[in-house]
Amino acid sequence: MRSKFITMSIAISTLAFTLSAQAHDPKEHMNNAEKPDCAAMENMDHSKMDMSDPVMQAMMKQCMGDMEGMEGMSGSEAPQGAKPAQHGNESSTEQTGHNH
Amino acid sequence: MAANKFLRCGKCLMITAVVAMLGGLAFLYSGLYPMGADVPHNGLTYWGLETMRERSISRAASTIEVPNDLASSERLLKGAADYNAMCASCHLKPGKNQSDFTLGLYPAPPNLAQKGDDHGHDGGHDDNTYALQRQFWIIKHGIKASGMPSWAPGHDDERIWNMVSFLQRLPELSTGQYQVLTARSDNTKKQEH
């Protein structure tokens, strides 16, 4: 009887903890966000895009699907910059005058 | 003779201190100080609170270690979504100059879509590392009686650094860039799984 009570208490505590953790899951915020408007990016002059800029890289990641048909970018620009695993250029831009 | 003088002086000081303390207590209990957010502090109170806030944050934040990869696009993206969900209603976003919160809160929350020099809430420091430490500390711990909550419960340090990362680029973003970075894309979802 006592062990059943302890088991139930642990189960309820675990459930409560899990639910509270889910409440702060980043994905929950993402569910409320709207879809990215990538049309503006498609119309940009791609030759002038600075693909070493983390902001541009992040935008490329967001719009990767929409921009698959992009033309006019050199091989070192669109695909590589858009890949999440490659951030070779980022170290050079770390904390360089963007702080306030 | 000198000892008598010293004793008399000590007595005077003690009486003055007790009177000041009683006066302070009487003022507290009188309810005369206006507590409404629509009445600004007087200059002395504002200076006292601001000085205490900045000195306290400076002491507590100066030893925080700043990550090396703060400028990475991954941090930017993660921080962008959180900023939009948790901060933008008070600290605004590109193309927005005010909200109900900025109009009603006192002190008014700084517009973080502007550069530190423009919103005047950067702590008055030119040191970039300290600016990062300060932002991290404020997001993590919040500020008493200002409307700024502590985000530490439910948000680990990495997640807070992501927001700090996004804040570094926020003032230079256009409305279009902000929309793309803070939006939910299918690619973002794929990266999360």
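Residues numbered from 1 in each chain as written. Chains lettered and ligands numbered in written order. Predicted model: local features only at pLDDT ≥ 70, side-chain atom pairs only at ≥ 80, totals over all residues.

- An unreviewed UniProt entry annotates chain B as Cytochrome c domain-containing protein of Zhongshania aliphaticivorans.

## Some thoughts on the overall build of chain B
- When you go through chain B residue by residue, the secondary structure sums to ten helices and zero strands.
- Taken over the C-alpha trace, chain B has a radius of gyration of 23 Å; the compact-globule value for 193 residues is 16 Å, which it surpasses by more than 25%.
- When the backbone C-alpha atoms are referred to their principal axes, chain B occupies close to 85 × 35 × 30 Å.
- The proportion of buried residues among the 193 residues of chain B is 30%.
- Of the contacts formed within chain B by residues at least 6 apart in sequence, a portion of 64% connects residues at least 24 apart. (Helix = DSSP H or I, 4+ residues; strand = E, 2+ residues; numbered from the N terminus. Rg over C-alpha atoms; globule rule 2.2 N^0.38 Å. Buried ≥ 20, exposed ≤ 12 C-beta atoms within 10 Å, placed from the backbone. Contact = placed C-beta atoms within 7 Å.)

## Examining the UniProt feature "transmembrane region" (unreviewed entry) in chain B
- Sequence positions flagged by UniProt for "transmembrane region" (unreviewed entry) are, in local numbering, residues 12-32 of chain B.
- For residues 12-32 of chain B, the end-to-end C-alpha separation is 29 Å, with 90% helix and 0% strand making up the annotated structure. (UniProt positions renumbered as here; feature names shortened; annotations may be inferred.)

## Quick notes on helix H8 (residues 157-169) of chain B
- Helix length check: H8(B) (13 residues) gives 19 Å between terminal C-alpha atoms against 18 Å at 1.5 Å per residue, within 8%.
- In terms of burial, H8(B) is a largely internal element, ten of the 13 residues being buried.
- The complete set of buried residues in H8(B) reads B:Ile160, B:Trp161, B:Asn162, B:Met163, B:Val164, B:Ser165, B:Phe166, B:Leu167, B:Gln168 and B:Arg169.
- Here the buried face of H8(B) lies against helix H4 (54-63) of chain A together with helix H3 (73-86) and helix H7 (128-141) of chain B. (Expected span 1.5 Å × (residues − 1).)

## Quick notes on the domain arrangement of chain B
- One can read the domain layout of chain B as domain 1 (1-33) and domain 2 (64-186).
- The distance between the C-alpha centroids of domain 1 of chain B and domain 2 of chain B comes to 46 Å. (Domains from an automatic or database assignment.)

## Some remarks on the nonpolar core
- In this structure, A:Met59, B:Val164 and B:Leu181 are the most contacted members of the largest nonpolar core, which totals 40 residues.
- For this core, the elements supplying multiple residues, two or more each, are H4 of chain A together with H3, H7, H8 and helix H9 (175-182) of chain B.
- When residues no more than four places from it in sequence are discounted, the contact partners of A:Met59 are A:Met41, B:Gln177, B:Val180 and B:Leu181. (Core = buried A, V, L, I, M, F, W, Y, C linked by C-beta atoms within 7 Å.)

## Concerning unusual backbone geometry
Residues and elements named next belong to chain B.
- The peptide bond linking Tyr106 to Pro107 adopts the cis configuration, its omega dihedral lying at 0 degrees.
- If you check the backbone angles, Leu92 has positive phi at about 65 degrees while not being a glycine.
- Note on placement: Leu92 falls in the loop between helix H4 (88-91) and helix H5 (100-104).
- Residue class for Leu92 comes out buried when judged on the 22 C-beta atoms lying within 10 Å of it.

## Some details on the packing of H4(A) against H9(B)
- Interaxial distance between H4(A) and H9(B) falls to 9 Å at its minimum, and their mutual angle equals 55 degrees. In terms of orientation, H4(A) lies oblique with respect to H9(B). Note that H4(A) runs across H9(B); the crossing there is left-handed. Where H4(A) abuts H9(B), its residues A:Val55, A:Ala58, A:Met59, A:Gln62 and A:Cys63 lie against B:Gln177, B:Val180 and B:Leu181.
- Of the residues assigned to the contact of H4(A) with H9(B), the class counts are six nonpolar, two polar and no charged. (Axes fitted to C-alpha atoms, helices over the stretch in contact; angles between N-to-C directions. Parallel < 35°, antiparallel > 145°, perpendicular 65-115°, else oblique. Left-handed = near helix turned anticlockwise from the far one by under 90°. Nonpolar A, V, L, I, M, F, W, Y, C, P; charged D, E, K, R; others polar.)

## Side note on the environment of B:Gly23
- Here B:Gly23 lies in helix H1 (residues 2-30).
- You can call B:Gly23 exposed: it has 10 C-beta atoms within 10 Å.

## Some points on the packing of H7(B) against H8(B)
Residues and elements named next belong to chain B.
- At a minimum axis separation of 9 Å, H7 and H8 run at an interaxial angle of 130 degrees. Classified by the angle between their axes, H7 and H8 sit oblique to one another. Crossing geometry of H7 relative to H8 is assigned as right-handed. Residue-level inspection shows Leu132, Gln135, Phe136, Ile139 and Lys140 of H7 in contact with H8, the latter providing Ile160, Trp161, Met163, Val164 and Leu167.
- The residue makeup of the contact of H7 with H8, split by class, is eight nonpolar, one polar and one charged.

## Side note on H4(A)
- Most of H4(A) sits out of view: nine of its ten residues are buried.
- A:Pro54, A:Val55, A:Gln57, A:Ala58, A:Met59, A:Met60, A:Lys61, A:Gln62 and A:Cys63 are the residues of H4(A) that are buried.

## Some words on the environment of A:Ala39
- Topologically, A:Ala39 is positioned in helix H3 (residues 39-42).
- For A:Ala39 and A:Cys63, which are 24 residues apart along the polypeptide, the C-alpha to C-alpha distance reads 9.1 Å.

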